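# Structural overview for review
Each chain, letter by letter, is given below.
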Amino acid sequence: MKNLGAAELEIMQIIWKAREPVASTYILSKLGVHRKWKLSTLMTSLNRLVKKGYLSMEKEGTANRYQAVISEKDYKEEVSKSLLENVYEGSFEDLVSSLVHVKKPKKEELQEILDMLKKEL
């Protein structure tokens with residue numbers, strides 16, 4: 001799986017949230033809050049995401065509709081796995097330690113994590 005750049009990830013998040021095929025104009029309207037892109041710029045990114053295998057594109061009349069091929073959950077799991085293996089050399093403890101130093105979890109979050117770990121183990 002090829003990495004997503006920040007803008008590509010933003011596009012994917014819009015598509016994942018839509019949960020149905022969307023037109024480029026829909027994506028552009030949602031990006032408008034953060035990015036001042038022209039349609040041609042967005043089309044370049046959408047074509048790149050199709051080539052990378054993240055999106056599928058179907059013609060619907062004169063418009064193209066885009067849909068995620070890879071789920072948000074699968075993408076996050078793959079990125080997490082890569083981060084764990086490549087940055088933390090497989091050390092779950094080092095990864096968690098770094099996360100805790102970046103953002104202190106609330107007690108409720110810690111309990112949810114413990115409950116999740118108990119289910120998985």
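One can find the structure itself at the top, above this paragraph.
The present account deals with the structure reproduced in this document. Note that the structure is predicted; figures quoted are calculated from it, not measured. (Residues numbered from 1 in each chain as written. Predicted model: local features only at pLDDT ≥ 70, side-chain atom pairs only at ≥ 80, totals over all residues. Heavy atoms only, no water.)

### Side note on the packing of aromatic side chains
In this description, a pair of aromatic rings is defined by centroid distance and the angle of the planes. Counting across every chain of the model gives 2 aromatic pairs. Ring centres of W16 and Y75 lie 5.7 Å apart, and the angle between their planes is 40°; on these two criteria the pair is classed as tilted. Highlighted residues: W16 in helix α1 (residues 6-18) and Y75 in helix α4 (residues 72-86), separated in sequence by 59 residues. Comparing W16 with Y75 shows no difference in burial state: the two are buried. Considering the side-chain rings of Y54 and Y75, the 6.0 Å spacing of their centres and the 70° angle between planes classify their relative orientation as edge-to-face. (Phe/Tyr/Trp six-rings, centres within 6.5 Å; stacked < 30°, edge-to-face > 60°. Helix = DSSP H or I, 4+ residues; strand = E, 2+ residues; numbered from the N terminus. Buried < 20%, exposed > 50% of the residue type's maximum accessible area, 1.4 Å probe, protein only.)

### With respect to the packing of α1 against helix α2 (residues 24-31)
Closest axis-to-axis distance for the α1/α2 pair is 10 Å, and the angle between their directions is 115°. For the element pair α1 / α2, the angle class is roughly perpendicular. The element α1 and its partner α2 pack so that their crossing is right-handed. From α1, E10, I11, I14, I15 and A18 reach across to α2, where they touch Y26, I27, K30 and L31. Each residue belonging to the contact of α1 with α2 can be placed in one class, and the counts come to 7 nonpolar, no polar and 2 charged. (Axes fitted to C-alpha atoms, helices over the stretch in contact; angles between N-to-C directions. Parallel < 35°, antiparallel > 145°, perpendicular 65-115°, else oblique. Left-handed = near helix turned anticlockwise from the far one by under 90°. Contact = heavy atoms within 4.5 Å. Nonpolar A, V, L, I, M, F, W, Y, C, P; charged D, E, K, R; others polar.)

### Observations regarding the pattern of salt bridges
Throughout the structure, instances matching the rule amount to 6 salt bridges. Here K76 ties to E72 by a salt bridge, and the two come within 3.4 Å at their closest N and O atoms. Here E72 and K76 lie together in helix α4, a separation of 4 residues that amounts to about one turn. (Salt bridge = Lys/Arg side-chain N within 4 Å of Asp/Glu carboxyl O.)

### Regarding the sheet that holds strand β2 (residues 55-60)
As summarised here, the arrangement of the 3 strands in space is β1-β3-β2, forming an open sheet in which the pairing is antiparallel. Looking at the sheet topology across the chains shown, the edges are occupied by β1 (22-23) and β2. In this fold helix α3 (residues 39-52) packs onto β2 and β3 (63-68), with an angle of close to 50° to the strand it touches most, β3. (Pairing = 2+ DSSP bridges.)

### Some details on α2
The periodicity of an α-helix, 3.6 residues per turn, causes residues three or four positions apart to be oriented the same way. S24, I27 and L31 are the residues of α2 that are buried. Considered in projection along α2, the buried side chains sweep an arc of 60° and stay on one side of the axis. Buried residues in α2 make contact with α1, β1, α3 and β3. (Arc of directions from axis to C-beta.)

### Some points on the environment of R35
Tracing the sequence through the fold places R35 in the loop between α2 and α3. In the structure, R35 is positioned 28 residues away from A7 in sequence and 8.8 Å away in space, judged by C-alpha atoms. Separated by 3.0 Å, the side chains of R35 and E10 make a polar contact. (Polar contact = N/O pair within 3.5 Å; in protein donor to acceptor, adjacent residues only side chain to side chain.)

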